[in-house]
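Single-letter residue listing:
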Amino acid sequence: MKVLVPVKRVIDYNVKIRVNSEESAVETNNVKMSMNPFDEIAVEEAVRLKEAGLVDEIIIVSIGNKSVQETIRTAFAMGGDRGIHIVNEDNTEPLVVAKILKDLVINEKTDLVIMGKQAIDDDANQTGQMLAALLNWPQGTFASKIELNNKELNIVREIDGGLETLKIKLPCVVTTDLRLNEPRYASLPNIMKAKKKEIIEVPISDTGIDFKNRLEVLKVQEPPVRIGGRKVEDVNELINVLKNEVGVI
Amino acid sequence: MSVLVIAEVNGKEVDRGTLSTVTAAQKISDEISLLVLDKSEDVLKGCQKIKGVTKVIAAKGDLEGGLAENIAPVIVEAVKEATHILSSAGTFGKNIMPRVAALHDSQQISDVCEIIDQDTFVRPIYAGNALATVKSLDKVKFLTVRATAFQAAETEGGSADVLDGPMAKTNGLSTFVKRDLSESDRPELTAAKIVVSGGRGIGSADNFAILDSLADKLGAAVGASRAAVDAGYIPNDYQVGQTGKVVAPELYIAIGISGAIQHLAGMKDSKIIVAINKDEDAPIFQIADFGLVGDLFQIIPELSEKL
């Protein structure tokens, strides 16, 4: 079985982001970029399935400018087999991404897509569900545990207030939550091997998909700054201010 | 304009997030239909009374487990003349809404925290470290709503009619097995007026009990930072932050939490923030309205006792 794993290049999660001076976007120039953490978990899960003999090939897909090939190679170093780079200099919205992935799934005849539940830049949390809808496949979102059998996947999902267990039929889409696994660090020999793996480039205009954005970003701003910093001396003073000054208890 | 709100039902009643979503819907239109994917008479009666709701649409058929594969077609059918489809941005809405939006060829807008007009919305990006104002060019708009950004609609005073809704059919793609919800007598984390949260400074799973007595005194929910979850002190569904829950209570008490950006993203919209930490340089103090430097193992029992 082939598995498709889409990966997104985003600002590293440790970086404190800045809005640009035009207030049109978050500054990405000269900022450390990494693979979206949820996508790393997706790659790791695919590699574990391959190591368990349940998957034969892992196809890594990314959409963006030339630099996303670096992210594809990071996935190669973890265990991805080959890559597809859909070239788009602009931001690609989730619905367009889902349409691109749908065509790739059909062309590549994959039975499983594992992807991050959301990207930590736009925080949309949509693409996996949209892809499942377009393919009329079942979706196992926010997975914290999966067990793959021949024709079925048992999945434990993170939901508000606890966990939910579902059985879904293959082919299907799985989106990863944090507790699914801990991604490995790539070894040096694997990083070297990753350089030789194949990446096919496809310009987005060659996909035949209408990739025009449906959301116009009017502005991007910093959230209002919260100013705190006042200290209280002891428990008595704390109770006093909470009761009498701000009246929250 | 007319709005269709997808209700999320939690056991016996509509989730608080749905009530906030009704408030958000009122900023778009006066015509608000509530689609209920639960057949309980009590739930439907409760929905009729929600202030602002003009119609309750009761879905029929196989609704067990709220499986996305079975209920997405029901929502698609219920959309009809609605111009805006809204749900709360909890895991229920996050799971189902993009599936419906894609079937409508519409680019969803997630986690809306402000409605400017019928086409223009504000939403947090980068875990709330920036706010994007976006204008939708789609004819029908699909939104998930950040519940903490809108007041809950009143649960009394409405008198909506109940109409028969579409029939859900099982398509056999997925099967519901079970749901394991954390049992607690305390208020739900995202709906609580007061939240008492612990971080790595709590030191162990056993020590978390120290927060229980304080939470009980205050009628508060208990939360945790990702560091405390990662250390195995407390289950993940208690996590407040970028990768956990977003809360905005009247009072948030952060105990033994240093204040990583990740955590602040989940609680910085709380009305009053109190920080208790032995490290006086902890970043949490910069955003806390009131900080108390000291040993939490002395402070918390004293606080519980004196309240």
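Structure report, in brief. Not measured: the values here are computed from a predicted model.

Brief notes about the interface of chain A and chain B
Between chain A and chain B, the contact holds 75 residues from the first and 82 residues from the second. Taken over both partners, the interface formed by chain A and chain B buries close to 6,600 Å², and the fraction arising from carbon and sulfur atoms is 57%. On the chain A side of the interface with chain B, the three residues burying the most area are Arg214, Leu215 and Arg226 of chain A, jointly 11% of the side's total. The partner of Arg214 of chain A in a salt bridge is Asp105 of chain B, and the shortest N-O contact between them spans 3.0 Å. Linking chain A with chain B are 44 residue pairs in polar contact (both at pLDDT 80 or more). When residues of the side of chain A that touches chain B are traced back to their parent elements, those giving at least two are helix 3 (94-108), helix 4 (127-135), strand 7 (139-148), strand 8 (152-159), strand 9 (162-169), strand 12 (215-221) and helix 6 (235-245) of chain A. A per-element tally of the side of chain A that touches chain B places strand 9 of chain A first, with eight residues. Among the residues making up the side of chain A that touches chain B, the classes are represented as 37 nonpolar, 14 polar and 24 charged. By the bridge criterion, six bridges tie strand 12 of chain A to strand 10 (residues 130-136) of chain B in an arrangement that is antiparallel. Looking at the pairing, Lys219 of chain A lines up with Thr133 of chain B of strand 10 of chain B.

Observations regarding the nonpolar core
Formed by 48 residues in total, the largest nonpolar core has its most connected members in Leu4, Leu35 and Ile85 of chain B. It is helix 3 of chain A that contributes the most residues to this core, eight residues altogether. Residue contacts for Leu4 of chain B: discarding those within four places in its chain leaves Ser33, Leu35, Ile57, Ala78, Val79, Ala82, His84, Ile85 and Leu86 of chain B.

Some remarks on the pattern of salt bridges
On inspection of all chains with the given rule, the structure shows 32 salt bridges over all chains. When the shortest N-O distance is used, the salt bridge between Lys117 of chain A and Asp177 of chain A registers 3.3 Å. One end of the pair, Lys117 of chain A, is in the loop between strand 6 (112-116) and helix 4; the other, Asp177 of chain A, is in the loop between strand 10 (172-176) and helix 5 (188-194), with 60 residues separating them in the sequence. Neither residue differs from the other here; Lys117 of chain A and Asp177 of chain A are each classed as buried. A salt bridge links Asp111 of chain B to Arg146 of chain B; its shortest N-O distance comes to 3.4 Å. Separated by 35 residues along the polypeptide, Asp111 of chain B in strand 7 (residues 109-112) and Arg146 of chain B in the loop between strand 11 (141-145) and strand 12 (161-168) bring together distant segments of the chain. Salt bridges sharing common partners tie together Lys2, Glu57, Arg82 and Glu108 of chain A.

Some thoughts on the sheet that holds strand 8 (residues 114-115) of chain B
Overall, antiparallel pairing links the four strands, which are arranged 12(A)-10(B)-9(B)-8(B) in an open sheet. Only two strands of the sheet have a single neighbouring strand rather than two, namely strand 12 of chain A together with strand 8 of chain B. Alignment of strand 9 (residues 120-125) of chain B against strand 10 of chain B, held across six bridges, turns out to be antiparallel. Looking at the pairing, Pro124 of chain B lines up with Leu131 of chain B of strand 10 of chain B.

Topic: the packing of helix 3 of chain A against helix 4 of chain A
All names here are of chain A. For the pair helix 3 and helix 4, interaxial distance at closest approach is 8 Å and the crossing angle is 50°. Looking at the two axes, helix 3 sits oblique to helix 4. As helix 3 packs across helix 4, the resulting crossing turns out to be right-handed. Note on element contacts: helix 4 touches helix 3 through Thr127, Met130, Leu131, Leu134 and Leu135, opposite Pro94, Leu95, Val97, Ala98, Lys99, Leu101, Lys102, Val105 and Ile106. Looking at the contact of helix 3 with helix 4 residue by residue, the classes come out as 11 nonpolar, one polar and two charged.

Comments concerning the environment of Ile200 of chain A
Residues and elements named next belong to chain A. Following the sequence through the fold, Ile200 ends up in strand 11 (residues 199-203). The spacing of Ile200 and Pro6 is 194 residues in sequence and 14 Å in space, taken between C-alpha atoms. The contact partners of Ile200, leaving out residues within four places of it in the chain, are Gly83, Ile84 and His85.

The rules we used
- Residues numbered from 1 in each chain as written.
- Chains lettered and ligands numbered in written order.
- Predicted model: local features only at pLDDT ≥ 70, side-chain atom pairs only at ≥ 80, totals over all residues.
- Heavy atoms only, no water.
- Contact = heavy atoms within 4.5 Å.
- Buried area = accessible area lost by both parts, 1.4 Å probe.
- Salt bridge = Lys/Arg side-chain N within 4 Å of Asp/Glu carboxyl O.
- Polar contact = N/O pair within 3.5 Å; in protein donor to acceptor, adjacent residues only side chain to side chain.
- Helix = DSSP H or I, 4+ residues; strand = E, 2+ residues; numbered from the N terminus.
- Nonpolar A, V, L, I, M, F, W, Y, C, P; charged D, E, K, R; others polar.
- Pairing = 2+ DSSP bridges.
- Core = buried A, V, L, I, M, F, W, Y, C linked by side-chain atoms within 4.5 Å.
- Buried < 20%, exposed > 50% of the residue type's maximum accessible area, 1.4 Å probe, protein only.
- Axes fitted to C-alpha atoms, helices over the stretch in contact; angles between N-to-C directions.
- Parallel < 35°, antiparallel > 145°, perpendicular 65-115°, else oblique.
- Left-handed = near helix turned anticlockwise from the far one by under 90°.

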